[in-house]
Amino acid sequence: MHWRDRLRSHLLELAPDSVCALDEAACQLSQSVLPATPVYRHTPTPDSPCALALGIDILSGLNTQQAHHLINQTRLYVAPRILLAVPLACALDAAEFRALGFMQSETDPADSIRIFHYDLDTYKTVPDWLNARYWAHPERWKP
């Protein structure tokens, strides 16, 4: 499956309430796939957070520090979910995307494009020890 078709299916599957397009290609794609969904431009930053940030060409030409900064700013201020189409020649490799909490969902070797997604709600599973049964129980304390 072509990477653009994969992005379309991701967008339809997610069905976000609003989209922040990080670049012009993302704006065109999101408007064509989700015509009833409001699409905002990344610059200026939307007044309120969007449900999803979509980027296709946004990381092209950025160095590692600039890419980290853009991704962190997007996660903090723009949207809790991010969907990126990234060329293999990107400054960030797969390990760096994993370190940022992204999951790789697709690779298109013909066009040298990888698709990464980030979701704040599911990027980290809750460990077993972090539940009420391991917390202190004051009623069990003896004076």
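Residues numbered from 1 in each chain as written. Predicted model: local features only at pLDDT ≥ 70, side-chain atom pairs only at ≥ 80, totals over all residues. Heavy atoms only, no water.

## A short note on the packing of aromatic side chains
For step 1, the next point in the chain: This structure, assessed with the given rule, holds 3 aromatic pairs.
For step 2, the next point in the chain: Within the aromatic cluster, the residues linked to one another by ring pairs are Phe97, Phe102, Phe116 and Tyr118.
For step 3, the next point in the chain: Lying across the ring of Tyr118, Arg75 places its NZ or CZ 5.0 Å from the centre. (Phe/Tyr/Trp six-rings, centres within 6.5 Å; stacked < 30°, edge-to-face > 60°. Lys NZ or Arg CZ within 6 Å of the ring centre and 35° of its normal.)

## Here we look at helix α2 (residues 24–33)
For step 1, the next point in the chain: Looking only at α2, the buried set comprises Ala25, Ala26, Cys27, Leu29, Ser30 and Val33.
For step 2, the next point in the chain: Contacts from the buried residues of α2 go to α1 (3–14), β1 (19–21), β2 (39–41) and β3 (52–55).
For step 3, the next point in the chain: For α2, the N-terminal capping position is held by Asp23, with its side-chain oxygen 3.3 Å away from the main-chain nitrogen of Ala25. (Buried < 20%, exposed > 50% of the residue type's maximum accessible area, 1.4 Å probe, protein only. Helix = DSSP H or I, 4+ residues; strand = E, 2+ residues; numbered from the N terminus. Contact = heavy atoms within 4.5 Å. Polar contact = N/O pair within 3.5 Å; in protein donor to acceptor, adjacent residues only side chain to side chain.)

## As for the pairing of strand β5 (residues 103–108)
For step 1, the next point in the chain: Relative to strand β6 (residues 113–119), β5 runs antiparallel, the two sharing 5 bridges. When the bridges of β6 are listed, Asp108 appears paired with Ile113.
For step 2, the next point in the chain: Joining the antiparallel neighbours β5 and β6 is a turn of 4 residues, in which Ser112 adopts a positive phi near 60 degrees. (Pairing = 2+ DSSP bridges.)

## Some remarks on the nonpolar core
Across soluble globular proteins, nonpolar side chains have a tendency to be buried as a group.
For step 1, the next point in the chain: Membership of the largest hydrophobic core comes to 22 residues, with the highest contact counts inside it found for Leu59, Ile71, Leu84, Val86, Leu92, Phe97 and Phe102.
For step 2, the next point in the chain: Contributing elements (two or more residues each) for this core: α3 (64–78), β4 (81–87), α4 (94–99) and β6.
For step 3, the next point in the chain: Among the elements that take part in this core, α3 stands out by supplying 4 residues, more than any other.
For step 4, the next point in the chain: Sequence-distant contacts of Leu92, that is, excluding residues within four places in its chain, are made with Thr64, Ala67, His68, Ile71, Phe97, Leu100 and Arg114.
For step 5, the next point in the chain: Counting residues in hydrophobic clusters, the runner-up holds 18 residues, among them Trp3, Ala21, Cys27 and Leu83. (Core = buried A, V, L, I, M, F, W, Y, C linked by side-chain atoms within 4.5 Å.)

## Focus on empty space enclosed by the protein
For step 1, the next point in the chain: Under the definition given, this model contains 1 cavity of 30 Å³ or more.
For step 2, the next point in the chain: Of the volumes computed, that of the largest cavity is approximately 30 Å³.
For step 3, the next point in the chain: What lines the largest cavity is Leu22, Ile58, Leu59, Leu70, Ile71, Thr74, Ile82 and Leu84.
For step 4, the next point in the chain: Counting only elements with at least two residues in the lining of the largest cavity, the list comes to α3 and β4.
For step 5, the next point in the chain: The biggest single contributor to the lining of the largest cavity is α3, with 3 residues.
For step 6, the next point in the chain: Looking at the lining of the largest cavity residue by residue, the class counts come to 7 nonpolar, 1 polar and no charged. (1 Å grid on protein atoms, 1.4 Å probe; cavity = no way out; pocket = protein on both sides within 12 Å on 5 of 7 lines; lining within 4 Å. Points joined across faces, edges and corners; volume = space filled by probe spheres on them. Nonpolar A, V, L, I, M, F, W, Y, C, P; charged D, E, K, R; others polar.)

## Digging into the side chain of His42
For step 1, the next point in the chain: Inspection of the secondary structure puts His42 in the loop between β2 and β3.
For step 2, the next point in the chain: When its relative accessible area of 16% is taken as the criterion, His42 is described as buried.
For step 3, the next point in the chain: What His42 contacts, discounting residues up to four positions off in sequence, is Cys20, Ala21, Leu22, Leu70, Thr74 and Val78.

## A few points about the state of the cysteines
For step 1, the next point in the chain: Under the counting rule described, the total for this entry stands at 0 disulfides.
For step 2, the next point in the chain: Here Cys27 is not disulfide-linked; the sulfur of Cys20 is the nearest cysteine sulfur, at 9.6 Å. (Disulfide = S-S within 2.5 Å.)

Geometric values such as these leave the question of function open.
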